[in-house]
Amino acid sequence: MSSRPSEPRPAQQVSRTLPSRKRIALIAHDGKKDEMLAWVERWQTTLAQHQLVGTGTTARRIAKEQGLEVEGLMSGPLGGDQQIGARITEQQLDLLIFFWDPFAPQPHDPDVKALLRLAALWNIPVACNAASADFLISSPYVDQAVDIAIPDAGAWVSARAD
Ligand SMILES: O=C(CO)COP(=O)(O)O
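Here the structure is a predicted model, which means the values were calculated and not measured.

Enquirer: Hey, could you run me through helix H1 (residues 33-42) in this one?
Expert: The complete set of buried residues in H1 reads Met 36, Trp 39 and Val 40. Relative to the axis of H1, the buried residues are bounded by an arc of 100° and lie together on one face. Of the exposed residues in H1, those oriented more than 90 degrees away from the buried face are Asp 34 and Ala 38. Summarising the contacts, the buried residues of H1 are in contact with strand E2 (23-28), helix H2 (44-47), helix H3 (56-66), strand E5 (95-99) and helix H6 (130-137).

Enquirer: Is there a simple way to explain unusual backbone geometry in this structure?
Expert: When glycine is set aside, most residues are seen to have a negative phi, and most peptide bonds are trans. Even without glycine at this site, Gln 91 takes up a positive phi of about 60°. Structurally, the position occupied by Gln 91 is in the loop between helix H4 (80-89) and E5. Positive phi outside glycine occurs at Asn 123, with the angle close to 65°. Inspection of the secondary structure puts Asn 123 in the loop between helix H5 (109-121) and strand E6 (126-127).

Enquirer: Where do I start with the packing of H1 against H3 in this structure?
Expert: Two measures define how a pair of helices packs: the angle their axes make with one another and the distance between the axes. Running from N to C, H1 and H3 point in directions that differ by 45°, and their axes come no closer than 10 Å. Comparing their axes, H3 and H1 come out oblique. The two elements H1 and H3 meet at a crossing, and its hand is right-handed. For the pair formed by H1 and H3, the contact residues are Lys 33, Met 36, Leu 37, Val 40 and Glu 41 on the first element and Thr 58, Arg 61, Ile 62, Glu 65 and Gln 66 on the second.

Enquirer: Got a minute to help me understand the site of the ligand in this structure?
Expert: Inspection of the region around the ligand gives Ile 27, His 29, Thr 55, Gly 56, Thr 57, Thr 58, Ser 75, Gly 76, Pro 77, Gly 80, Asp 81 and Val 112 as its neighbouring residues. Of all the elements in the fold, those that place two or more residues in the shell around the ligand are H3 and H4. Tallied by class, residues from the shell around the ligand come to 3 nonpolar, 8 polar and 1 charged.

Reading the values: rules and limits
Residues numbered from 1 in each chain as written. Predicted model: local features only at pLDDT ≥ 70, side-chain atom pairs only at ≥ 80, totals over all residues. Buried ≥ 20, exposed ≤ 12 C-beta atoms within 10 Å, placed from the backbone. Helix = DSSP H or I, 4+ residues; strand = E, 2+ residues; numbered from the N terminus. Arc of directions from axis to C-beta. Contact = placed C-beta atoms within 7 Å. Axes fitted to C-alpha atoms, helices over the stretch in contact; angles between N-to-C directions. Parallel < 35°, antiparallel > 145°, perpendicular 65-115°, else oblique. Left-handed = near helix turned anticlockwise from the far one by under 90°. Near = placed C-beta within 6 Å. Nonpolar A, V, L, I, M, F, W, Y, C, P; charged D, E, K, R; others polar.

Listed below in structure tokens is the structure:
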């Protein structure tokens with residue numbers, strides 16, 4: 001039996017193409033940064049073929065310690081998670097690797113939740129730990145153009161405004 005969601009949600013989906021050279025966000029909370037750096041070291045050759053972006057401290061450490069070019073946004077507690085979320089909403093990001101720390105409460109927890117919500121909404125591939133990041137980055141889709149389904153934003157607005 002199918003259930004009908006009571007909340008309004010986008011009725012239609014459209015497709016968007018993730019490019020072969022992916023725009024990949026790398027983010028790690030402090031308690032997970034060493035794990036992220038070890039992961040980046042393992043996949044350095046693969047990551048070097050893509051376009052990397054990260055929150056301030058994570059990006060700086062990856063650039064300094066792994067010699068990769070990473071665009072650094074704001075640090076997470078200063079709004080970096082929201083900047084990454086905005087890129088997802090604008091279809092400017094293709095993969096999210098976010099090692100969030102299940103043991104440490106964050107002052108910007110609402111921002112973390114908001115980022116994960118937008119990643120789910122816009123159907124972005126996400127990995128929240130090293131094992132899933134290994135699966136994700138070793139996928140044959142990583143260096144291919146791939147179509148994904150996303151909400152039809154135009155239809156959503158028309159249904160509410162017209
Ligand atoms: O807090 C973060 C993600 O929520 C990460 O920010 P930094 O990379 O600046 O430590």
